[in-house]
Amino acid sequence: QVQLVESEGGLVQAGGSLRLSCAASGRIFSNYPMGWFRQAPGKEREFVVGISWSGGNIDYADSVKGRFTISRDNAKNTVYLQMNSLKSEDTAVYYCAATSQSWRGRRRSSTYDSWGQGTQVTVSS
């Protein structure tokens, strides 16, 4: 397994920006597709974005497309999530995750073997 630790989230006004990072340790990080998920109160955990092991393939949920950007630095064992034009509906606990399985299952939370502890992002309107 890969151990994942997310950076601290925060409180931001609507329209603002926030950058999350997720530092990995353990097995070879560069072999793993990564994803970000989020869970709002009373809702199921939902897919936000996935990135292949090389960074060459990226898949965004429609709700964040054009506003969020994922990137990874395999030399630093870190994946980043840049969130711009934040909306109140982006308020959630954000989780990074790693999978040893196929990129094909990237949108399913069950695909992922390792999860971070989660970090709260609150967008005030």
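Whatever comes next refers back to the structure up there.
What comes next is a walk through the structure.

**Here we look at the side chain of Arg-67**
Point 1. Tracing the backbone through its elements, the reader meets Arg-67 in the loop between strand 6 (58-60) and strand 7 (68-73).
Point 2. Classification of Arg-67 by relative accessible area gives buried; the value is 10%.
Point 3. In terms of polar contacts, Arg-67 uses its side chain to reach the backbone carbonyl oxygen of Ser-85, at 3.0 Å.

**Thoughts on the pairing of strand 5 (residues 46-51)**
Point 1. By the criterion of burial, strand 5 is predominantly enclosed, with 5 of the 6 residues buried.
Point 2. Two elements, strand 4 (residues 34-39) and strand 5, share 5 bridges in a ladder whose sense is antiparallel. Its bridge partner being in strand 5, Gly-35 is matched across the sheet by Gly-50.
Point 3. Linking two consecutive strands that pair antiparallel, namely strand 4 and strand 5, is a turn of 6 residues; a positive phi of about 75° is found at Gly-42 within it.
Point 4. Where strand 5 and strand 6 come together, 3 bridges link them in antiparallel fashion. When the sheet's bridge partners are listed, Ile-51 is paired in strand 6 with Ile-58.
Point 5. In this structure, the hairpin formed by strand 5 and strand 6 is closed by a connection of 6 residues, where Gly-55 is found at a positive phi of approximately 85°.

**Points about the environment of Trp-103**
Point 1. The residue Trp-103 is located in the loop between strand 9 (92-98) and strand 10 (114-115) in this model.
Point 2. C-alpha of Trp-103 to C-alpha of Trp-53: the two residues are 50 residues apart in sequence and 8.7 Å apart in space.

**Considering the sheet that holds strand 8 (residues 78-83)**
Point 1. Here we have 4 strands laid out as an open sheet, ordered 1-3-8-7, and antiparallel in their pairing. On the outer flanks of this sheet lie strand 1 (2-6) and strand 7, each paired with one strand and no other. Direction aside, the axes of adjacent strands within the sheet are offset by 20° on average.
Point 2. Pairing of strand 1 with strand 3 (residues 18-26) involves 5 bridges; the strand directions are antiparallel.

**Here we look at the environment of Gln-120**
Point 1. Positionally, Gln-120 belongs in strand 11 (residues 119-124).
Point 2. On the basis of relative accessible area, Gln-120 is assigned to the partly exposed category, the value being 40%.
Point 3. Expressed as a C-alpha distance, the spacing of Gln-120 and Ile-58, which sit 62 residues apart in the sequence, is 23 Å.
Point 4. Among residues more than four places away in sequence, those in contact with Gln-120 are Gly-9, Gly-10, Thr-91, Ala-92 and Val-93.
Point 5. Within the structure, the side chain of Gln-120 is placed 3.5 Å from the backbone oxygen of Ala-92, a separation counted as a polar contact.
Point 6. Here Thr-122 takes part through its side chain, which lies 3.3 Å from a polar atom of the side chain of Gln-120.

Conventions we followed
Counting restarts for each chain, with residues numbered from 1 along the sequence as it is written. Thresholds applied to this predicted model are a pLDDT of at least 70 for local features of residues and 80 or more for the giving and counting of side-chain atom pairs; totals over whole chains, interfaces and linings are not thresholded and use all residues. For side-chain calculations, the full set of non-hydrogen atoms in the structure is used, while hydrogens and water are omitted. Numbered from the N terminus, helices here are DSSP runs of H or I no shorter than four residues, and strands are runs of E no shorter than two. Three exposure classes are used, based on accessible area relative to the maximum for each residue type with a 1.4 Å probe and protein chains only: buried under 20%, partly exposed in between, and exposed over 50%. Counting of polar contacts relies on pairs of N or O atoms within 3.5 Å, with two restrictions inside protein: one atom must be capable of donating a hydrogen and the other of accepting it, and residues adjacent in sequence are counted only when both atoms are side-chain atoms. If DSSP finds at least two bridges between two strands, the strands pair. In this analysis, axes come from line fits to C-alpha atoms, helices being fitted only over the stretch in contact, and the angle between any two N-to-C directions falls in the range 0 to 180 degrees. Note on definitions: a residue-residue contact is assigned when non-hydrogen atoms from the two residues lie within 4.5 Å.

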